[in-house]
Every structure is written in C-alpha cells, then in structure tokens.
Amino acid sequence: SEEPIKTDVVIVGAGPVGLFAVFELGLVDLKCHVVDILPRAGGQCSELYPEKPIYDIPALPTVTGQELTDRLMEQIEPFGAEFHFNERVDQLERLDEGFRLTTDGGIVIECKVVVIAAGGGSFTPKRPPLPGIENYEGKSVFYSVKKIEDFRDKDVLIVGGGDSALDWSLNLQPVAKSLTLVHRRDQFRAAPDSVNKMFKLVENGDIKFELGQVTELHGDDGQLTGVTVKAPDGKTFEQEANAMLPFFGLTMKLGPVADWGLNLEENLIPVDTEKFETSEPRIFAIGDINTYAGKLKLILSGFHEAALMAQKAHEYVYPDKKLTFQYTTSSTSLQKKLGVK
Ligand code: FAD
C-alpha cells in the first residue's frame, strides 16, 4: 500500500473557518492538509449561498459567499496548504503522538494535530427514493465523479437538472459510450450556458435528453443494466444504462465525525473557550461544529476560534519552542512567512 502523507495538521472541512485556520496555523509555522467532501472550498458559503451578500464580516461591508471564499483562498495562499477535495475523512486512529486519518477515497494522512472544522456536517448527496438503490451504490450508481476515466465506454445515465447534472453531462459525454440525461421538467436550475451547450449536443445526437422520472432500477449484483423512466404523460419506458449518476442536491449530516470517540452534545462537539480543544487532547473543533457557553454560529466567531486554537496546536507540534506574540503589521518574521515584499 502507499506511504501515508505526513504533515503537522489535518483540517477536516474547507469551509470559511477551516480556510482561516490554515492562515493562523501558517503564522505559527504549522503545515496543513485540508480535506473536504465537496469538490471546492467554501463550505456553506459557496455551496448554499455563493451569490448572497454577507453583511457582518468585519471590515467588508458586503461580500458574497463566493467572494469571501475567494478572498480567504488568496489570503492563505502563502502557506501552501494541500487540499484534498471530493474526499470525506472517514476514520481517525490514534498513534503515539498524533493520528492517522483515512478518507473514503483511500488517502491516508498522519498528523500531530487534528482540527475539525466540519461545520454543519459533511455535505451528503440526497438519495433518490428508488427501491434497492443501496445495492448499486459505489458499484454502478455514484453520487460524485472521482475519475472521469471510470466512465469511459459506459452507457451513462445522469439524473437531475442542476449545475452538477449539467456539468457532468458535458464533461462525461466525450468519454462515455452514450450519455442520457433524465430530468423531470424541461426547466433547469443551472448556468444557462451549460444548458445551451447540452441542447447543442442533443441536436447533434451526442447526448440524449429524456423528460421524466426514474422509477425503477434493473440489474444484478449491484451492476445496473437499465432503468424504467416514467414520462410526464404517465407512460413508462426502459432506458439502458450501466452507470447512473443521480444529482438530487445535498444535505448536511454529521457523518463519520460521530464515530471518532469524542464527546458530543446534540451532534455538536463541546470545547473549552481557551483553546477550542475537544474532550481529546490534540483534537480541536472550530466553527459551526463546536459548542460552548455563549456560542454564536457566525463566521467571525470561527475566525477567532482558529486564532486561539493555533497557539495550542503549536505547543503540541513544537513543545520546546516558545511562541512570542507578534503583530503582522510590525513583525518582519511574520511578513516573511506571508511573502510580503
Ligand atoms: P461549513 O461552512 O459548514 O463547512 C464545513 C465543511 O466541512 C463542509 O464543506 C463539509 O463538507 C466539510 N466536512 C464535514 N465533515 C467532513 C468530513 N468528515 N470529511 C470531509 N469534509 C467534511 N454566517 C455569518 O457569519 N454571517 C452571515 O450573514 C451568514 N449568512 C448565512 C446564510 C445562509 C443561507 C446560511 C446557510 C448560513 C449563513 N451563515 C452566516 C452561517 C455561516 O455560513 C456558517 O457559520 C459558516 O459557513 C461556518 O463555517 P465552517 O467552516 O465552520 O463550516
């Protein structure tokens, strides 16, 4: 098996708070890997309200969810954190002085400190209400695309009318043997440009578009052979497919964090307000996932929590080095880390 990645800190969750943690940890010389089940950074801000303005980020009178994410990415750039998107941290094992984390995609990272910035939980795809779908999941029914190559020469069926359904129809069409998009309406909740591109490919006969709902799956041992589609007029027909990607949106579930042996209070992780450490030394929880007396689920609270957490994390990684308090405005050593010229 592959050698595990080794780093100082693993941050679980690339929401705004996980991103700012990279900054605070970077200032105290800690290297981070950041893992998120989503395909991009920003957590709730970019997934739930990318275009809505936020009005209570200090010194930014108005900033959209996506702009805030982009600015945080720019601010943490000097620290070279490594990102693992489309990966959910599933397992946490204790080592002598740290942890070994394993993702659902098989990435293994060993670290000295874990920062849980898991927000409202891991974004989890909504499962379509199709009898027996569990038997196909991970074999021929997938809720995300890890590798485009996995779909080469397949008869791919994509279900849904949002950006994911449209984007993946466009991206998989060139490699798939055939690509069929099924959506229950002829209205899409996706970028108009993608919808236009999709209809162009339909005109050319490169994509098949069917109006209707998938009502049944057919196949054996988890291998899909086709589905039944119910058209708006109530008539049903069979559609061949050996891979299906339903994109029915996401919900947030606490997920695997619940199995890591930490104290929980109603799906939140209790922490102290000095270091934001959990019931387990070296494991911190910051942002929406934590709870303490007076907690406010605001982005600015998470930023503060990240700063205090980093002080204690430094002590675990460098027990013999003392941290001196410094301002970024006046410290040449901090400015050097930030690449200030
Ligand atoms: P999140 O943004 O929830 O990010 C957590 C990330 O962790 C997610 O991407 C998730 O996929 C990932 N994750 C979780 N578990 C795992 C795992 N096991 N493996 C891999 N990844 C995992 N706040 C304000 O301060 N001001 C506002 O005006 C404001 N407006 C809002 C409007 C709306 C509509 C909503 C929904 C929220 C609003 N909020 C606002 C709240 C704000 O978005 C949250 O406080 C903030 O997103 C919390 O950041 P976070 O980094 O803690 O978590």
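Note on numbering: residues in each chain are counted from 1, in written sequence order. The predicted origin of the model limits local features to residues at a pLDDT of at least 70 and limits the giving and counting of side-chain atom pairs to 80 or more, whereas totals for whole chains, interfaces and linings rest on all residues. As a rule here, side-chain values cover all heavy atoms of the structure and leave hydrogens and water aside.

1. Some points on the overall build of the protein
In plain terms, the rule: Starting at the N terminus, helices and strands are each numbered in turn, a helix being any DSSP run of H or I of at least four residues and a strand any DSSP run of E of at least two. A 1.4 Å probe rolled over the protein chains alone gives each residue an accessible area, and that area as a share of the maximum for its type sets the label: buried under 20%, exposed over 50%, partly exposed in between. In what follows, a contact means two residues having at least one pair of non-hydrogen atoms within 4.5 Å. Here the accessible surface of atoms and residues is derived via Shrake-Rupley with a 1.4 Å probe, and residues count as covered only by protein chains that are part of the display.
Within the protein one finds seven helices and 20 strands. Dimensions of the protein along its principal axes, counting C-alpha atoms only, are 70 × 45 × 35 Å. Scored against the burial criterion, the 341 residues of the protein give a buried share of 48%. Taking the intrachain contacts of the protein between residues at least 6 apart in sequence as the baseline, contacts between residues at least 24 apart amount to 58%. Carbon and sulfur atoms form 48% of the exposed surface of the protein, whose accessible area is close to 17,700 Å².

2. Section: the side chain of E305
Just so we agree on the cut-off: What qualifies as a polar contact is a pair of N or O atoms within 3.5 Å, subject to a donor-acceptor requirement within protein and to the restriction that residues adjacent in sequence count only when both atoms come from side chains.
By the secondary structure assignment, E305 is in helix α6 (residues 299–317). In this structure the side chain of E305 is engaged in a polar contact, spanning 3.0 Å, whose partner is the side chain of N290. Apart from residues lying up to four places away in sequence, E305 is in contact with F276, I286, G287, N290, Y292 and K295.

3. A closer look at a negative patch on the surface
As a reminder of what qualifies: Patch membership requires more than 30% relative accessible area and the absence of a salt bridge. Residues of like charge join within 9 Å; the nonpolar side chains Val, Leu, Ile, Met, Phe, Trp and Tyr join within 5 Å. By salt bridge we mean one thing: a side-chain nitrogen of Lys or Arg within 4 Å of a carboxyl oxygen of Asp or Glu. Lys and Arg are tallied as positive, Asp and Glu as negative. Neither His nor the chain termini are counted. The atom standing in for a charge is NZ when the residue is Lys, CZ when it is Arg, CG when it is Asp and CD when it is Glu.
There is a patch of like negative charges on the surface, built from E67, D70, E74 and E77. Within the fold, E74 resides in helix α3 (residues 65–76).

4. Some details on the sheet that holds strand β16 (residues 243–246)
Filter applied, for reference: Criterion used throughout: strands pair if DSSP finds at least two bridges between them. A fitted line through C-alpha atoms represents every axis, and for helices the fit uses only the stretch in contact; the resulting angles, taken between N-to-C directions, go from 0 to 180 degrees.
Pairing is parallel across the open sheet formed by four strands, whose spatial order is β12-β11-β10-β16. Two strands close off the open sheet at either side, each with one partner strand: β12 (208–211) and β16. Within this sheet the neighbouring strands show an average axis-to-axis angle of 20°, counted without direction. Here four bridges tie strand β11 (residues 178–183) to β12, and the two strands are oriented parallel to one another. By the bridge assignment for β12, H183 is matched with L211. Lying over the sheet, helix α4 (residues 163–172) contacts β10 (155–159), β11 and β16, oriented at roughly 165° with respect to β10.

5. Some thoughts on the side chain of D288
Turning to its location among the elements, D288 is positioned in the loop between β19 (283–285) and β20 (290–291). The side chain of D288 sits in the buried core without any salt bridge; K295 is the nearest counter-charge, 5.2 Å away. Within the local environment of D288, its side chain forms a polar contact with the side chain of Q44, the two groups lying 3.1 Å apart. Residues contacting D288, with those up to four places away along its chain left out, are Q44, G119, G120, L268, K295, K297 and L298.

6. Structural notes on a nonpolar patch on the surface
Taken together, the side chains of L296, L298 and L300 present a nonpolar region at the surface, about 240 Å² in accessible area. Structurally, the position occupied by L300 is in helix α6. Taking the relative accessible area as the measure of exposure, L300 reaches 37% and is therefore partly exposed.

7. Points about the site of the ligand
Filter applied, for reference: Whether a residue is near a molecule or strand is decided by its heavy atoms; if any one of them lies within 4 Å of it, the residue is near. Only Asp, Glu, Lys and Arg are considered charged in this grouping, and only Ala, Val, Leu, Ile, Met, Phe, Trp, Tyr, Cys and Pro are considered nonpolar; every other residue, Gly among them, is considered polar.
As a matter of local geometry, the ligand sits amid 32 residues, with D36, Q44, Y49, D56 and D288 nearest to it. Taking V89, its main chain carries an N or O atom lying 2.9 Å from a nitrogen atom of the ligand. Contact distances for the ligand include 3.4 Å between an oxygen atom and a backbone N or O atom of F123. Protein chains bury 86% of the 1,000 Å² of accessible surface belonging to the ligand in isolation. At the level of secondary structure, the elements contributing two or more residues to the shell around the ligand comprise α1 (16–27), β2 (32–36), α2 (43–47) and β9 (122–125). The element contributing the most residues to the shell around the ligand is α1, with three residues. In terms of residue class, the shell around the ligand is built from 16 nonpolar, 10 polar and six charged.

8. Overview of the pairing of strand β8 (residues 108–116)
In terms of burial, β8 is a largely internal element, seven of the nine residues being buried. The pairing of strand β1 (residues 5–12) with β8 spans seven bridges and is parallel. Among the inter-strand pairings, K6 is bridged to a residue of β8, identified as E110. In terms of strand pairing, strand β7 (residues 98–103) meets β8 through four bridges, oriented antiparallel. Looking across to β8, one finds that R100 is bridged to E110. Counting the residues that bridge the hairpin from β7 to β8 gives four residues, and of these G106 lies at a positive phi of roughly 85°. Bridge count between β8 and β19: three bridges; the pairing is parallel. Residue pairing in the sheet places V115 in a bridge with F284 of β19.

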